[in-house]
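# Survey of secondary and tertiary structure
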Protein chains: 4
Amino acid sequence: MEKFDQAPEIAKLGHVALISADIEKSLWFFKEIVGLEETTEVDGVHYLRAWGDFEHHTMSITAGSESRIDHIAWKAKRREDVDNFAILLKDAGVEVELVKDGTETGQGDAIRFQLPSEHNFEIYFDMEKPVPDLHRRAVLKNQTYKAWAKGISPRRIDHVNIATNIDSKIVTDFLAEKLGFKMREYLVDPSDKQISGWMSVTQLVHDIAVMSIPDAETSHQLHHFSYWLDNSQDVLRAADILSEQGLEFVGPGKHGISQAMYVYVQDPGSGVRLELFSNGYLIFEPDWEPVKWKFDEMAVGFTYWGEQSGTSGKKELMLNAGPVRETQGIE
Amino acid sequence: MEKFDQAPEIAKLGHVALISADIEKSLWFFKEIVGLEETTEVDGVHYLRAWGDFEHHTMSITAGSESRIDHIAWKAKRREDVDNFAILLKDAGVEVELVKDGTETGQGDAIRFQLPSEHNFEIYFDMEKPVPDLHRRAVLKNQTYKAWAKGISPRRIDHVNIATNIDSKIVTDFLAEKLGFKMREYLVDPSDKQISGWMSVTQLVHDIAVMSIPDAETSHQLHHFSYWLDNSQDVLRAADILSEQGLEFVGPGKHGISQAMYVYVQDPGSGVRLELFSNGYLIFEPDWEPVKWKFDEMAVGFTYWGEQSGTSGKKELMLNAGPVRETQGIE
Amino acid sequence: MEKFDQAPEIAKLGHVALISADIEKSLWFFKEIVGLEETTEVDGVHYLRAWGDFEHHTMSITAGSESRIDHIAWKAKRREDVDNFAILLKDAGVEVELVKDGTETGQGDAIRFQLPSEHNFEIYFDMEKPVPDLHRRAVLKNQTYKAWAKGISPRRIDHVNIATNIDSKIVTDFLAEKLGFKMREYLVDPSDKQISGWMSVTQLVHDIAVMSIPDAETSHQLHHFSYWLDNSQDVLRAADILSEQGLEFVGPGKHGISQAMYVYVQDPGSGVRLELFSNGYLIFEPDWEPVKWKFDEMAVGFTYWGEQSGTSGKKELMLNAGPVRETQGIE
Amino acid sequence: MEKFDQAPEIAKLGHVALISADIEKSLWFFKEIVGLEETTEVDGVHYLRAWGDFEHHTMSITAGSESRIDHIAWKAKRREDVDNFAILLKDAGVEVELVKDGTETGQGDAIRFQLPSEHNFEIYFDMEKPVPDLHRRAVLKNQTYKAWAKGISPRRIDHVNIATNIDSKIVTDFLAEKLGFKMREYLVDPSDKQISGWMSVTQLVHDIAVMSIPDAETSHQLHHFSYWLDNSQDVLRAADILSEQGLEFVGPGKHGISQAMYVYVQDPGSGVRLELFSNGYLIFEPDWEPVKWKFDEMAVGFTYWGEQSGTSGKKELMLNAGPVRETQGIE
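Keep in mind the model is a prediction, meaning the values are calculated, not measured.

Let us now look at the overall build of chain A. Tallying secondary structure elements over chain A gives 5 helices and 19 strands in all. Relative to the compact-globule value of 20 Å for 331 residues, chain A shows a C-alpha radius of gyration of 19 Å, a close match. Referenced to the eigenvectors of the C-alpha coordinate spread, the extents of chain A come out at roughly 50 × 50 × 40 Å. In chain A, the share of contacts with a sequence separation of at least 24, taken over all contacts with a separation of at least 6, comes to 69%.

Attention now goes to the interface of chain C and chain B. With 16 residues of chain C in contact, the opposing surface of chain B contributes 16 residues. Here chain C and chain B share an interface that buries about 1300 Å² over both sides, 58% of which is from carbon and sulfur atoms. Of all residues in chain C, the largest losses of buried area upon contact with chain B belong to L236(C), Y304(C) and W305(C), amounting jointly to 39% of the total for that side. Between the two partners, chain C and chain B, sit 2 salt bridges.

Time to look at a negative patch on the surface. There is a patch of like negative charges on the surface, built from D5(A), E80(A), D83(A), D101(A), D109(A) and E128(A). Assignment of secondary structure puts D5(A) in the segment before β1 (10-20).

If you rotate chain A by 180 degrees and push it 0.0 Å along the axis, it lands on chain B with an RMSD of 0.0 Å. The superposition of one copy onto the other is thereby described by a two-fold rotation axis. Distance from the rotation axis, computed per C-alpha, reaches its smallest value in chain A at N231(A): 2.6 Å. In this assembly, 100% of the residues forming the interface of chain A have copies in chain B that are likewise at the interface, indicating an isologous arrangement.

Below, the discussion takes up the packing of aromatic side chains. In this description, an aromatic ring pair is defined by two values, namely the gap between the centres and the angle between the planes. Under the definition given, this model contains 48 aromatic pairs over all chains. Put simply, the rings of F29(A), F30(A), F225(A) and Y227(A) touch in pairs and so form one group of aromatic residues. The positively charged end of R237(A) is found above the aromatic ring belonging to W148(C), 4.6 Å away from the centroid. Over the ring of F125(C) we find K75(C), and its NZ or CZ is 4.8 Å from the ring centre.

Here we come to the interface of chain A and chain B. The partner chain B presents 45 residues to the 45 residues of chain A that form the contact. When the area that chain A buries against chain B is broken down by residue, the three leading residues are K141(A), N142(A) and F284(A), summing to 18%. Scanning the region where chain A abuts chain B turns up 8 salt bridges. One salt bridge connects K129(B) with D287(A), and the closest N-O pair in it is separated by 3.1 Å. At the boundary of chain A with chain B, the tally comes to 23 residue pairs in polar contact (both at pLDDT 80 or more). Elements that contribute at least two residues to the side of chain A that touches chain B include exactly β1, β5 (68-76), α4 (232-244) and β17 (291-293) of chain A. Considering each element in turn, the side of chain A that touches chain B owes the most residues, 3 residues, to β17(A). When its residues are assigned to classes, the side of chain A that touches chain B shows 18 nonpolar, 12 polar and 15 charged.

Residue and element names in this part refer to chain A. Examined at the domain level, chain A breaks down into domain 1 (10-136) and domain 2 (156-325). Computed from C-alpha coordinates alone, the two centres of domain 1 and domain 2 are separated by 20 Å. In this assembly, 48 residues from domain 1 lie in contact with 46 residues from domain 2. When domain 1 packs against domain 2, the two sides together hide about 3600 Å² of surface, and 73% of this comes from carbon and sulfur. Interface area lost by domain 1 to domain 2 is led by F29, R68 and H119, which between them contribute 15%. At the junction of domain 1 with domain 2, the criterion picks out 0 salt bridges. For the interface between domain 1 and domain 2, the tally reads 14 residue pairs in polar contact (both at pLDDT 80 or more). Elements with a contribution of two residues or more to the side of domain 1 that touches domain 2: β1, α1 (23-33), β5, α2 (79-91), β7 (110-114) and β8 (120-124). Sort the elements by how many residues they give to the side of domain 1 that touches domain 2 and β1 lands first, with 10 residues.

The full count for this structure, using the stated rule, is 94 salt bridges over all chains. In this structure, the salt-bridge partner of R136(B) is E37(B), at a minimum N-O distance of 2.5 Å. With a gap of 99 residues between them, R136(B) in the loop between β8 (120-124) and β9 (156-164) and E37(B) in strand β2 (residues 37-42) connect regions that are remote in the sequence. Comparing R136(B) with E37(B), the two get one shared label, buried. Here the salt bridges share partners, and the residues they tie into one network are K12(A), E55(A), K75(A), K129(A), E285(B) and D287(B).

Below, the discussion takes up the environment of E289(C). All names here are of chain C. The residue E289 is located in the loop between β16 (273-279) and β17 (291-293) in this model. The exposure class of E289 is exposed, given its relative accessible area of 61%. Once the C-alpha coordinates of E289 and S153 are considered, the two residues, 136 residues apart in sequence, prove to be 34 Å apart.

Residue and element names in this part refer to chain B. Read across the sheet, 8 strands follow the order β2-β3-β4-β1-β5-β8-β7-β6 without closing on themselves; strand pairing throughout is mixed. Two strands close off the open sheet at either side, each with one partner strand: β2 and β6 (97-99). Within the sheet, the average angular offset between the axes of one strand and its neighbour, ignoring direction, is 25 degrees. Looking at chain direction, strand β1 (residues 10-20) and strand β4 (residues 59-63) are connected through 5 bridges and run parallel. The residue bridging V16 from the neighbouring strand is M59, located in β4.

Residues and elements named next belong to chain A. For α4, built from 13 residues, the straight-helix expectation of 18 Å at 1.5 Å per residue is met to within 8% by its first-to-last C-alpha distance of 19 Å. Extensive coverage of α4 is indicated by the burial of 13 of its 13 residues. Count one or two residues on from α4 and you reach G246, which has phi positive near 70 degrees.

Each value, and the rule that gives it
- Note on numbering: residues in each chain are counted from 1, in written sequence order.
- Here every chain gets a letter starting at A, and every ligand a number starting at 1, in the order they are written.
- Confidence filtering applies because this is a predicted model: local features only for residues at pLDDT of at least 70, side-chain atom pairs given and counted only at 80 or more, and all residues used for totals across whole chains, interfaces and linings.
- Hydrogens are left out, water is left out, and the side-chain values use all remaining heavy atoms of the structure.
- Comment: elements are numbered from the N terminus, with helices defined as DSSP H or I runs of at least four residues and strands as E runs of at least two.
- Here the globule rule is a power law, 2.2 Å times the number of residues to the power 0.38, and the radius of gyration is based on C-alpha atoms.
- In this description, contact between two residues means that some pair of their heavy atoms is separated by no more than 4.5 Å.
- Two parts lose some accessible area (1.4 Å probe) when they are put together, and adding that loss for both gives the buried area.
- For salt bridges, the criterion is a side-chain nitrogen of Lys or Arg within 4 Å of an Asp or Glu carboxyl oxygen.
- Residues enter a patch when their relative accessible area is above 30% and they make no salt bridge; the linking distance is 9 Å between like charges and 5 Å between nonpolar side chains (Val, Leu, Ile, Met, Phe, Trp, Tyr).
- Every accessible area reported is derived by Shrake-Rupley at a probe size of 1.4 Å, with residue values counting cover from the shown protein chains alone.
- Positive: Lys, Arg. Negative: Asp, Glu. His and the chain ends are not part of the count.
- Each charge is placed at NZ for Lys, CZ for Arg, CG for Asp and CD for Glu.
- Copy-to-copy alignment: least squares on C-alpha atoms, limited to residues at pLDDT 70 or above in both.
- Pairing of aromatic rings covers Phe, Tyr and the six-membered ring of Trp, with a centre-to-centre limit of 6.5 Å; geometry is then stacked below 30 degrees between planes, edge-to-face above 60, and tilted otherwise.
- Counted as over-ring charges are cases with an Arg CZ or a Lys NZ within 6 Å of the ring centre that also lie within 35 degrees of the ring normal.
- In protein, a polar contact requires one atom able to donate a hydrogen and another able to accept it; more generally it is a pair of N or O atoms within 3.5 Å, and residues adjacent in sequence count only if both atoms are side-chain atoms.
- All amino acids are sorted into three groups, where Ala, Val, Leu, Ile, Met, Phe, Trp, Tyr, Cys and Pro are nonpolar, Asp, Glu, Lys and Arg are charged, and the leftover types, Gly among them, are polar.
- Note that the domain bounds were set by an automatic or database domain assignment.
- Residue burial is assigned from relative accessible area. The probe radius is 1.4 Å, only protein chains are included, and a residue is buried under 20% of its type maximum, exposed over 50%, and partly exposed in between.
- A pair of strands counts as paired when DSSP detects no fewer than two bridges linking them.
- Note on geometry: axes are lines fitted to C-alpha atoms, helical ones only across the stretch in contact, with angles between N-to-C directions running from 0 to 180 degrees.
- A helix's residues, less one, multiplied by 1.5 Å, set its expected span.

Right, here's the structure in full:
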């Protein structure tokens, strides 16, 4: 990294770009039931964000013949980091596409590339922070929208959880070495080999988790992505709202890993799994030692109490989050 | 800063060292009512931390003839940052004392110095992370103690709020330029001059706030320090617990600035003001624009709703957090 | 009471009939912000109820030149109690009007009369319990509507609080002797004379409170009426929602009397005061001794903690809840 | 019932008398973990109550060779109802024992008898309401103890749930006809025969539930008894506390029937099952129609969401709550 005055860094999870095979249902789910706000719709791409998100969008939904994740986007720490990441990744033999300013509404120049697992990643820096119309604008100057307008009403995007049928260590090493993610907690199998890792560039326990699921259909799946609620009771309210809509879910429960409350529900339009998430802890320690969960501690790691989450026996539907992209406007 | 490979950085608020004129009452308040754990007591210094704090202590209490704050300590990001901060501060004309490994139990080599306002600061890196006895140890590997053992039972230390009768800008400029704190929100007077600033090195809205209070007794007061609760309901439970002990408090309420719930209560032993704090937002944006609160927005900034906090008319008791130190073991 | 096989009894608070000088604003407030459901609108009368109310309406709103309370209605325990109350009240010299089946939509034969303070009361037994349309109907068989559709979303009506400039004892004696309300808690002045009483026929601490306010404009005011929320955090959420609408309110706080959490807000259409209410205790004891609050305990009785409620110095706007009625269809 | 001026009535659930084979463990569980207060200990009987219970005890624990429920006690509405119930029950062919004033500490004259299922019931009226020592006494005049002293800290006793291997209808008919319990909700099998019934004399959905469990060991088992928490978040806190003590539990979840949140845990001393319970609805309607749950709605009735409760496949341990009594002091 001697090429750069300062090694490029990721600042935060930006957004998840979802392709839905039933966009009407997906929009109903994310706008009416989850309660995300639609910043704008341009050429069939619906840009959404939560009431406390500051940037233009934290997810987008586009109609497609097959439901999948087009890409997962990360905000760089500095504008020049976008280019510097491009250099760094190409040097490492990674193919990098440039995504021009405006290809995604609200977003400046960005790059796209794939993890060793072929998960599609995007890195951007510039993103508009549009102010809502007066009637939806928050009273507080440090808040975007009025809260509690509809449905579950989470505050902000929280994290992504990706699954792969290859060795998770290959993925987490890449995330650590190329993108600067720090391992916060991890799970090993009986032979002490890493199964899953929870990593972050922020003080959250994880901005991303990587799970080895040997019988996953591809190396590049999305297990779920997550929005944050301020209070554990809000997760119970989410359970009520989902039940009243006849939407099945897993939880509520509390993870051992991250100490967070959860409910998991699948968008009936695309099948993508969403985690409603609250509580948990933050990591401020610069000398944090990754917490190691042994195989026989896995059950408590996934579910400290409540309805079981994690790799139960049955096969879980996951969306493809890799290849198949012909991005417009890419050079 | 060209002297260093990397400029030294602060990672987090470490602890607040309290001198109490009535240590029995202070220990009762912080251990029985607030519910902090005592890591150890050495030579009359009681080292306390919350159940979710990882390091050896996040506050200490020592008996003294007059209640005051001995120092406010910050953890550096790297071990070498302690020395580098010493160099950087001396170059800026700041007097720096070395505090040897073990002067504070559990803590490695550290430095002490004063802000332009004469608030006593300490910077350390090494700090033990002792594991509690089995019966108090948490079940979860990522948690220190079992929660909810006694009283209010906050998770962790959160922030400090210092007051000064000099221009707050002198203090916040020092914090920004020498110590790397970023301004997150600030308040101005009718002539657009800064009154108060909320700053952080973490993703919290503030690790430290600096308030100009012209009629404060000295330039170096502590307005309050704060512990964090996971849920807003926990703040209401704190209100019940304090009421049942006949301890007066301000709140519950919700700040506009930081969006956090609060209750303020004074330790009956030392008079130090403690804020029980929950909810609020995090700042992940590297391109955050400090939120400016105009003078006529101050009321909402301090109290969005609930019992009023902030600079009400009446004079508030604050502890001295500057000079008067003859640290043992200082070279 | 030897006339009856069984003395007539009140079962519960039924509804509050509000006349609003600005019905558009009142409908916006109660339907969009409070989140009540409109069962139906007939001849300009809007019949509302909360998602967990079982009967046809728990409040109604009608346009009028002056905002006032037309009547407060109570459900009798048995159908024959309506007639028996008529007999009992007439015997006591109280003028009783008959209100025919259907005069109020959904309601059977009822009677209206005035308290000694001239507050307008109604007693009914038969009331439809309409099932909502499928898309709004709850999933659970013991719940009326889906919850959390809009705004604050309380579960059910809770109580009324009436004010009078005459001796409150005259009113509470009438409520006890004629209508069977039991005194649960009461407040006395320095000479031990009753100022206010909290009374119930249910296991709630109060279905009705009566407050002496010497400088009230009439003997028959409504201080407020109240809807119930299941959790104290819901009261905090209500505070957020009201703040975001620019609606001023008092609270949140916790009453000593009843131990309940509160927020008070006035309907911007009619000025009627609404209390959002949660927690508190229930009285199952048949041998309950009314709790007496002395004058110097009044502050704690009204506000155990939080933003002060109760008789503060300043004069509070209250609606007239007496006379001026020319009920259609009354014999 | 023409014998009485007024038919005798039950006012509320009074207490559950537990015999524990490991009293040390049971006392640890109920006092330290659940957080009940010990009113007094007399001749080896430990009398406990929650901080918001008003009467002398809502449960007792006595050492015994086999863990069982000695009796379930109910408070009558009037003093004369105790004798009148004795007359009424004897007339119905039920054997009635008199339990003299003071046999149970704090309790006046009472009677004991068995349901058709041989569950041991007690009816009393007089019960002391002792005021706690000053340091434990609540600040509020309408509350018994300071809350939140230890552990889960429920407010009050809530209900009992009894199981039988005979037809539940025989039991619920007896409860309705002899003791005045009203059916609130009930569950039927595919042939429309009642399996379980939830009944109350109060406005709670149930003071008692009766469940047919064909393979129960006896006709007179206790499935669980329950204490009430004010907020749903308190149930989550209970889950944390139980997990930290290594105590297994079922939940958290939400019942369809009663709409209440739950966690079930067994006392490690006696094996008795305790439900921590919150939220739910109240029934004020005198013309309430019992809610009927069909067999295919049973799953939702028991568990609306969360970790499953109710009759799962596996056999649940239950305590015997019948016969085997040689009450001292019985005439």
